[in-house]
Amino acid sequence: MNRILTLLLLLHTGLALAESATTSPDAPIAVFQTSDDYDAIRSNLQLAITGRGMLISNTLHISDMFKRTAADTGLADTLYEQAEAFEFCNIKLSWQMSSAHPANLSICPLTIGIYSLQNRPGKVFLSYRRPHMLGESTAAEKALTDLYEGIIREALE
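Since we're looking at a predicted model, the values are computed, not measured.

1. Section: the side chain of S127
Then step 1. Turning to its location among the elements, S127 is positioned in strand β5 (residues 124-129).
Then step 2. Apart from the residues within four sequence positions on either side, S127 is in contact with I29, A30, V31, T111, I112, G113 and Y115.

Here it is as structure tokens:
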């Protein structure tokens, strides 16, 4: 019985660590890490976004771009194993951000990155830009952070 409890505690601790950003709260980018399969997390991420009624308007294939242009640019393709960024929009948040200050439209589209690194096999990372907006935007910033983190937590489940 003690072994089962210990195993459950370790499992719960691992899930809690996966759900906390690995970057400090004041860093401009929030990064989450997991040891799950890239394709599974990618699929979960897509479902977490679309399940909230949002359309993924664009998928940026970052690692493919680096691989395709490495020879022409002289830049080594040794960073990502796989890397993509999903762009999407939430109309209520867009309105809330724009109401705080019209220039906040530059926050859209919303973006979450997913990547794995060549020098860190078996690890998958999810990231987003922490919002900093103009105007009376505290509520919009919190709502956007809550949306990003809810999506990421769901993707990591």
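From this point, the narrative continues.
2. Let's talk about the sheet that holds strand β1 (residues 29-34)
Then step 1. What the five strands build is an open sheet, ordered β1-β5-β4-β3-β2; its pairing is antiparallel. Two strands lie at the open edges of the sheet, namely β1 and β2 (56-60), each paired on one side alone. Each strand of the sheet is rotated relative to its neighbour by a mean of 20 degrees, with strand direction disregarded.
Then step 2. One ladder, built from four bridges, connects β2 with strand β3 (residues 80-88); its direction is antiparallel. Its bridge partner being in β3, N58 is matched across the sheet by E87.
Then step 3. The sheet strands contacting helix α2 (residues 38-50) are β1, β2, β3, β4 (110-117) and β5, and the helix crosses β3 at an angle near 5 degrees.

3. A few points about the confidence of the model for the protein
Then step 1. Confidence in the prediction of the protein, expressed as mean pLDDT, is 89, and 88% of residues score 70 or more.
Then step 2. The low-confidence segment residues 4-18 (pLDDT under 50) makes three contacts with residues lying over four places distant or belonging to another chain.

4. A closer look at the layout of surface pockets
Then step 1. One number sums up the size of the largest pocket: a volume of about 150 Å³.
Then step 2. Taken together, I29, A85, T111, G113, Y115, S127, Y128 and R129 make up the full set of residues lining the largest pocket.
Then step 3. Listed by contribution, the elements that provide at least two residues to the lining of the largest pocket are β4 and β5.
Then step 4. Tallied by class, residues from the lining of the largest pocket come to four nonpolar, three polar and one charged.

5. Concerning the nonpolar core
Then step 1. Ranked by size, the top nonpolar core spans 29 residues in total, and within it L45, F88, L126, L144 and I151 carry the most contacts.
Then step 2. Examining the composition of this core, we find that eight residues originate from one element, helix α5 (residues 138-156), more than from any other.
Then step 3. In this structure L126 touches A30, V31, F32, I41, L45, G113, I114, I152, A155 and L156, once residues within four positions along its chain are discounted.
Then step 4. Of all hydrophobic cores here, the second largest spans six residues; its members include V31, Y80, A83 and L117.

6. As for the packing of aromatic side chains
Then step 1. Tallying each qualifying case throughout the model produces six aromatic pairs.
Then step 2. Note on Y115 and F125: the rings are 5.1 Å apart at their centroids and 15 degrees apart in plane angle, and the pair reads as stacked. One end of the pair, Y115, is in strand β4; the other, F125, is in strand β5, with ten residues separating them in the sequence. For the pair formed by Y115 and F125, the shared burial category is buried.

So, how was this worked out
- Residues numbered from 1 in each chain as written.
- Predicted model: local features only at pLDDT ≥ 70, side-chain atom pairs only at ≥ 80, totals over all residues.
- Heavy atoms only, no water.
- Helix = DSSP H or I, 4+ residues; strand = E, 2+ residues; numbered from the N terminus.
- Contact = heavy atoms within 4.5 Å.
- Pairing = 2+ DSSP bridges.
- Axes fitted to C-alpha atoms, helices over the stretch in contact; angles between N-to-C directions.
- pLDDT = per-residue confidence, 0-100.
- 1 Å grid on protein atoms, 1.4 Å probe; cavity = no way out; pocket = protein on both sides within 12 Å on 5 of 7 lines; lining within 4 Å.
- Points joined across faces, edges and corners; volume = space filled by probe spheres on them.
- Nonpolar A, V, L, I, M, F, W, Y, C, P; charged D, E, K, R; others polar.
- Core = buried A, V, L, I, M, F, W, Y, C linked by side-chain atoms within 4.5 Å.
- Buried < 20%, exposed > 50% of the residue type's maximum accessible area, 1.4 Å probe, protein only.
- Phe/Tyr/Trp six-rings, centres within 6.5 Å; stacked < 30°, edge-to-face > 60°.

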